[in-house]
Amino acid sequence: MLDPLSAKFAALADPTRRAILARLASGEANVNELAAPFAMSLPAVSKHLKVLERAGLISRGREAQWRPCRLEARALQPVDEWIAQYRAQWEARLDRLDAYLKTMAKEKKRGRKRK
């Protein structure tokens, strides 16, 4: 059993599932609509949908024979929060690198003026 964050990352690890989420970002769709761009069977697409649903990234409704799938965007918030920690670290590192490179460029400029 995966913890919720690991389940989300595991679901996002597959390019087909990411493509399904991208499609659902533009609105609800049924399994047939979601399967259309892929060269795979409906049962294979359904398996992908089950992984996304278990991870809480999508929900499925029931309207007569139609079972629309919806993106649950709020479920991505824990992923964003986890990534934000590392984003802040890398931005700080890039800021330090930028400052260092500017210092090096100034020193190089001063060296040319002395010659």
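Keep in mind that what you see is a predicted model, and the values were worked out from it rather than measured.

Chemist: Looking at this model, I keep getting lost on the packing of helix α2 (residues 15-24) against helix α4 (residues 42-54). Mind explaining?
Modeler: Each pair of packed helices gets described by two things: the angle between the helix axes and the distance between those axes. Packing of α2 against α4 brings their axes to within 10 Å, and their N-to-C directions diverge by 75 degrees. The orientation of α2 with respect to α4, classified from their angle, is roughly perpendicular. Residue-level contacts link Thr16, Arg17, Ile20 and Leu21 of α2 to His48, Leu49, Val51 and Leu52 of α4. Class assignment of the residues belonging to the contact of α2 with α4 gives a composition of 5 nonpolar, 2 polar and 1 charged.

Chemist: Help me understand helix α1 (residues 4-12), please; the structure alone is not making it clear to me.
Modeler: Note on helix geometry: an α-helix contains 3.6 residues per turn, so any two residues three or four positions apart are oriented the same way. What α1 keeps buried is the set Ala7, Lys8, Ala11 and Leu12. End-on, the buried residues of α1 take up no more than an arc of 130 degrees, which puts them together on one face. Where α1 starts, the residue carrying a side-chain oxygen 3.2 Å from the main-chain nitrogen of leucine 5 turns out to be aspartate 3.

Chemist: Where do I start with the pattern of salt bridges in this structure?
Modeler: Side chains carrying opposite charge are able to pair once their charged atoms draw close together. A complete count under the given rule lists 4 salt bridges for this structure. Across the pair arginine 70 and glutamate 28 runs a salt bridge, and its minimum N-O distance is 2.5 Å. You can see arginine 70 sitting in strand β2 (residues 69-71) and its partner glutamate 28 sitting in the loop between α2 and α3 (31-35), a full 42 residues away along the chain. For glutamate 53, the salt bridge identified is with arginine 60, shortest N-O distance 3.2 Å.

Chemist: Please explain the nonpolar core as it appears in this structure.
Modeler: The nonpolar side chains of a soluble globular protein tend to be buried, and buried together. In terms of nonpolar packing, the biggest core is built from 19 residues, with Leu24, Leu34, Leu49, Leu52 and Leu57 touching the most fellow members. Those elements that provide at least two residues to this core are α1, α2, α3 and α4. The residues contacting leucine 49, other than those within four sequence positions of it, are Ile20, Val31, Leu34, Ile58, Arg60 and Cys69.

Chemist: Teacher, can you tell me more about the layout of surface pockets here?
Modeler: With a probe scaled to a water molecule rolled over the atoms, the places where space remains empty come into view. What the largest pocket holds in volume is close to 200 Å³. The wall of the largest pocket is formed by 10 residues, among which Leu2, Ala7, Val51, Arg54 and Ala55 lie closest to the centre. Going through the elements one at a time, α1 and α4 are the ones with two or more residues in the lining of the largest pocket. Class assignment for the residues of the lining of the largest pocket results in 8 nonpolar, no polar and 2 charged.

Chemist: Honestly, the confidence of the model for the protein chain in this entry has me stumped. Any pointers?
Modeler: Regions with low pLDDT should not have their predicted coordinates read in detail. On average, the protein chain scores 92 in pLDDT, and the residues at 70 or more come to 96%. In the model of the protein chain, helix α5 (residues 77-114) stands out as the element of lowest mean pLDDT, 90, in contrast to α2, which has the highest, 97.

Chemist: Teacher, can you tell me more about the packing of aromatic side chains here?
Modeler: Each aromatic ring pair is specified by the distance between its two centres and by the angle formed by the two planes. Tallied over the entire structure, the rule returns 2 aromatic pairs. Arranged with centres 5.2 Å apart and planes meeting at 70 degrees, the rings of phenylalanine 9 and tryptophan 82 form a pair that is edge-to-face. Here phenylalanine 9, found in helix α1, pairs with tryptophan 82, found in helix α5; they are 73 residues apart in sequence, far enough to count as distant. Assessed through its relative accessible area of 35%, tryptophan 82 is described here as partly exposed. Considering the side-chain rings of tryptophan 82 and tyrosine 86, the 4.8 Å spacing of their centres and the 50 degrees angle between planes classify their relative orientation as tilted. With tryptophan 82 and tyrosine 86 both in helix α5 and 4 residues apart, the pair spans about one turn of that helix. Following the ring pairs from residue to residue traces out a cluster consisting of Phe9, Trp82 and Tyr86.

The rules behind these values
Residues numbered from 1 in each chain as written. Predicted model: local features only at pLDDT ≥ 70, side-chain atom pairs only at ≥ 80, totals over all residues. Heavy atoms only, no water. Axes fitted to C-alpha atoms, helices over the stretch in contact; angles between N-to-C directions. Helix = DSSP H or I, 4+ residues; strand = E, 2+ residues; numbered from the N terminus. Parallel < 35°, antiparallel > 145°, perpendicular 65-115°, else oblique. Contact = heavy atoms within 4.5 Å. Nonpolar A, V, L, I, M, F, W, Y, C, P; charged D, E, K, R; others polar. Buried < 20%, exposed > 50% of the residue type's maximum accessible area, 1.4 Å probe, protein only. Arc of directions from axis to C-beta. Polar contact = N/O pair within 3.5 Å; in protein donor to acceptor, adjacent residues only side chain to side chain. Salt bridge = Lys/Arg side-chain N within 4 Å of Asp/Glu carboxyl O. Core = buried A, V, L, I, M, F, W, Y, C linked by side-chain atoms within 4.5 Å. 1 Å grid on protein atoms, 1.4 Å probe; cavity = no way out; pocket = protein on both sides within 12 Å on 5 of 7 lines; lining within 4 Å. Points joined across faces, edges and corners; volume = space filled by probe spheres on them. pLDDT = per-residue confidence, 0-100. Phe/Tyr/Trp six-rings, centres within 6.5 Å; stacked < 30°, edge-to-face > 60°.

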